Amino acid sequence: MNRNWKLLSGACLLHLLLLTACTNDERPAGPDARQGSAVAFSVSDDTVRATTRTAQGTTDISVLQTEGFGVFACYTGLYRYVSSTTTSNLMWNQQVTYDNTLDRWTYSPLAYWPSTESGGDDTYATFFAYAPYSDGTSDAASACIVDFSLPGETGDPWLTYQLGGTMYADGADGWKARQVDLLYDIQRDQQRPYLPSASRVTFLFRHALACVGDRITVTCSDALQAYLKSLYSGSDVTFTLNTLCLAYTLTQKGRLVLNGSATPNWKAVDSGDATVTRLLVFNPDQVIATVTSATDCTLTDYAVTDQGIFYIPLELDGHQQSVTTTVDYTFSTGDSGQLQTTLSLSSIRQAGEERDLRLVLSLP
């Protein structure tokens, strides 16, 4: 800002800030051009527990600080938030980033708490947030966060999430790299604090997606162990895992309506390809059972830690989300074969849940 702009009166400057803060100036009647303190944001320390699961592995709140989050905000004047009558008139997909030098969350242009004509602070604003931030076009998150409610659209703000983004562009491994672990929060009917230093809206982010298969363990059933013992004829019998294929059939698209503070509000979105299938292939050549006598069998649990599969906890058109496991194996006797089973994900479809896969192998 140059010297001439600095000469503007305080009232005029604040008026300009009001206009730049709200590109969709549709506030309810009541507030005049005068402003309160700037709206500031913080993130609850409890969010650390919500951000320990990311597409790139286990981390902490630093990932949220690196990628930032988006905010929709609605000013409702003297009335509390009612989704059917309001728009995102205070902020629309405002990017908020962390400034390490200032040690705080920042954004631009600033938005200000509106004041009533009497100068009172008894007006309301509701804030909706999601992470990581997406501009909907070019950044990394936009591969999965592909659409938003319009700036002037009446109703709760929403975003469309597409699992894996353009998953076919660079194969299965590329699909895996494009995972985005979506977070969200809502802070309803906030009022401007009396002290500017306390004028912070604090978000506590939650997971909008479920996760399965971060840790995969393979072991043998009692029946399989008994079969291996029956093969013993004076020399050790081993059961070797050659390849493991995990084919997840998952719902591809969903609309997250940002109005649920306890559980995410997912809505069905039609798609030409309603599901996506992803293959995770391992080549461990891992001995997981060794028989040393007709009665003794030693098991070695084979565990592989992966980033897991994030998925939308929503079944479209009655389609059941599942994972089909296919195991190729060999015995030391020279025999080989394949085992296959399908597991339903309906029992772990709660958002925020993260379950390991334990595959207990048995003969067909």
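Residues numbered from 1 in each chain as written. Predicted model: local features only at pLDDT ≥ 70, side-chain atom pairs only at ≥ 80, totals over all residues. Heavy atoms only, no water.

1. Some words on the overall build of the protein chain
Put simply, the rule reads: Here a helix means four or more residues in a row that DSSP labels H or I, a strand means two or more in a row labelled E, and each is numbered from the N terminus. Burial classes: relative accessible area under 20% of the type maximum marks a residue as buried, over 50% as exposed, and values in between as partly exposed (1.4 Å probe, protein chains only). Working rule for contacts: check all heavy atoms of both residues, and any pair within 4.5 Å makes them a contact. Computed with a 1.4 Å probe, the accessible areas rest on the Shrake-Rupley method; for each residue, only the protein chains presented here act as cover.
In terms of regular secondary structure, the protein chain is built from 6 helices and 26 strands. Out of the 364 residues belonging to the protein chain, those deemed buried represent 48%. Across the protein chain, the fraction of contacts at a sequence separation of at least 24, relative to all contacts at a separation of at least 6, is 74%. Of the roughly 17,000 Å² that the protein chain leaves accessible, carbon and sulfur atoms contribute 48%.

2. Quick notes on the layout of surface pockets
This is how the line gets drawn: Using protein atoms alone on a 1 Å grid, points that fit a 1.4 Å probe yet trap it form a cavity, whereas open point sets bounded by protein on both sides within 12 Å along at least five of seven lines form a pocket; residues with an atom within 4 Å of a point count as lining. Grid points are joined across faces, edges and corners, and a volume is the space filled by probe spheres set on the points. Any residue outside Ala, Val, Leu, Ile, Met, Phe, Trp, Tyr, Cys, Pro, Asp, Glu, Lys and Arg is labelled polar, Gly included; the first ten of those are nonpolar and the last four are charged.
If you add up the space inside the second largest pocket, you get close to 190 Å³. Lining the second largest pocket, in full, are Ala38, Val39, Ala40, Arg104, Trp105, Thr106, Tyr107, Leu110 and Arg200. Looking at the lining of the second largest pocket, the element that brings in the most residues is strand β7 (residues 104–106), giving 3 residues. Here the residues of the lining of the second largest pocket are counted per class, giving 6 nonpolar, 1 polar and 2 charged.

3. Observations regarding the packing of aromatic side chains
Here is the rule we go by: Pairing of aromatic rings covers Phe, Tyr and the six-membered ring of Trp, with a centre-to-centre limit of 6.5 Å; geometry is then stacked below 30 degrees between planes, edge-to-face above 60, and tilted otherwise.
This structure, assessed with the given rule, holds 21 aromatic pairs. Centre to centre, the rings of Trp113 and Phe127 are 5.7 Å apart; their planes meet at 65 degrees, and the pair counts as edge-to-face. Residue Trp113 is located in strand β8 (residues 112–114), and its partner Phe127 is located in strand β9 (residues 124–131); the two are separated by 14 residues in the primary sequence. For the pair Trp113 and Phe127, a shared accessibility class is recorded, and that class is buried. An aromatic cluster of at least three residues, connected via ring pairs, comprises Phe41, Phe69, Tyr98, Trp105, Tyr107, Trp113, Phe127, Phe203 and Phe205.

4. Observations regarding the sheet that holds strand β10 (residues 145–148)
Inclusion rule: Here, a strand pair is defined by DSSP locating no fewer than two bridges between the strands. For helices, the fitted line uses only the C-alpha atoms of the stretch in contact; every axis is such a line through C-alpha atoms, and the angle between N-to-C directions lies from 0 to 180 degrees.
Spatial strand order, β10-β11-β17-β18: 4 strands in an open sheet with antiparallel pairing. If you trace the sheet from one side to the other, it starts and ends with β10 and β18 (265–268), each paired once. When the angles between neighbouring strand axes are averaged without regard to direction, this sheet yields 30 degrees. Pairing of β10 with strand β11 (residues 158–162) involves 3 bridges; the strand directions are antiparallel.

5. Digging into the sheet that holds strand β14 (residues 206–207)
Here we have 6 strands laid out as an open sheet, ordered β7-β6-β5-β9-β12-β14, and antiparallel in their pairing. Since the sheet does not close on itself, it has two edges, and those belong to β7 and β14, each with one partner. Examined bridge by bridge, strand β5 (residues 69–77) and strand β6 (residues 91–99) share 4 bridges and lie antiparallel to one another. Note on β6: the bridge partner recorded for Ala73 is Met91.

6. Brief notes about unusual backbone geometry
With an omega of 0 degrees, the peptide bond between Ser108 and Pro109 qualifies as cis. Tracing the backbone through its elements, the reader meets Pro109 in the loop between β7 and β8. Of note, the amide linkage connecting Ala131 to Pro132 takes the cis form, showing an omega dihedral of 0 degrees. Looking at where Pro132 falls in the secondary structure, it is placed in the loop between β9 and β10. The backbone phi angle of Asn93 is positive, close to 45 degrees, even though this residue is not glycine. With respect to the helices, strands and loops of the structure, Asn93 is situated in strand β6. Even without a glycine there, the phi angle at Asp103 is positive, about 60 degrees. Examined against the element boundaries, Asp103 turns out to sit in the loop between β6 and β7. Taking the relative accessible area as the measure of exposure, Asp103 reaches 54% and is therefore exposed.

7. A short note on the nonpolar core
Our working rule: Throughout this description, the term nonpolar core refers to a set of buried Ala, Val, Leu, Ile, Met, Phe, Trp, Tyr and Cys residues connected via side-chain atoms within 4.5 Å.
Of all hydrophobic cores here, the largest spans 58 residues; its most connected members are Tyr161, Leu182, Phe239, Tyr248 and Trp266. Examining the composition of this core, we find that 7 residues originate from one element, strand β16 (residues 237–251), more than from any other. Excluding residues within four positions of it along the chain, Trp266 makes contact with Tyr161, Leu182, Ala208, Leu209, Gly254, Arg255, Leu256, Ile312, Pro313 and Leu314. Phe41, Tyr75, Val96 and Ala129 belong to the second largest nonpolar core, which has 25 residues in total.

8. Quick word on the confidence of the model for the protein chain
Heads up, the condition is: Each residue carries a pLDDT score, the predictor's own confidence in it, on a scale running from 0 to 100.
Taken over all residues, the pLDDT of the protein chain has a mean of 76, while the share at 70 or more is 71%. Element-level pLDDT for the protein chain is lowest in helix α2 (residues 10–21), with a mean of 27, against a maximum mean of 95 in β6. Scored below 50 in pLDDT, residues 55–59 makes 11 contacts in the model with residues more than four places away or belonging to other chains.

9. A word on the environment of Val96
By the element assignment, Val96 lies in strand β6. According to the relative accessible area criterion, Val96 is buried, its value standing at 0%. Each C-alpha atom, one on Val96 and one on Ser108, is 8.2 Å from the other, the two residues being 12 residues apart in sequence. Contact partners of Val96, with chain neighbours within four places excluded, come to Phe41, Gly68, Phe69, Val71, Trp105, Thr106 and Tyr107.

10. Some remarks on helix α6 (residues 222–230)
For the record, the criterion: It is the directions from the helix axis to the C-beta atoms that the arc portrays.
Along α6, the residues that are buried comprise Leu224, Gln225 and Leu228. Seen end-on, α6 carries its buried residues on one side only, within an arc spanning 100 degrees. Relative to its buried face, α6 has exposed residues pointing more than 90 degrees away, namely Asp222, Ala223 and Ser230.

11. A word on the environment of Pro109
We classify Pro109 as partly exposed; its relative accessible area is 35%. In the structure, Pro109 is positioned 14 residues away from Gln95 in sequence and 10.0 Å away in space, judged by C-alpha atoms.

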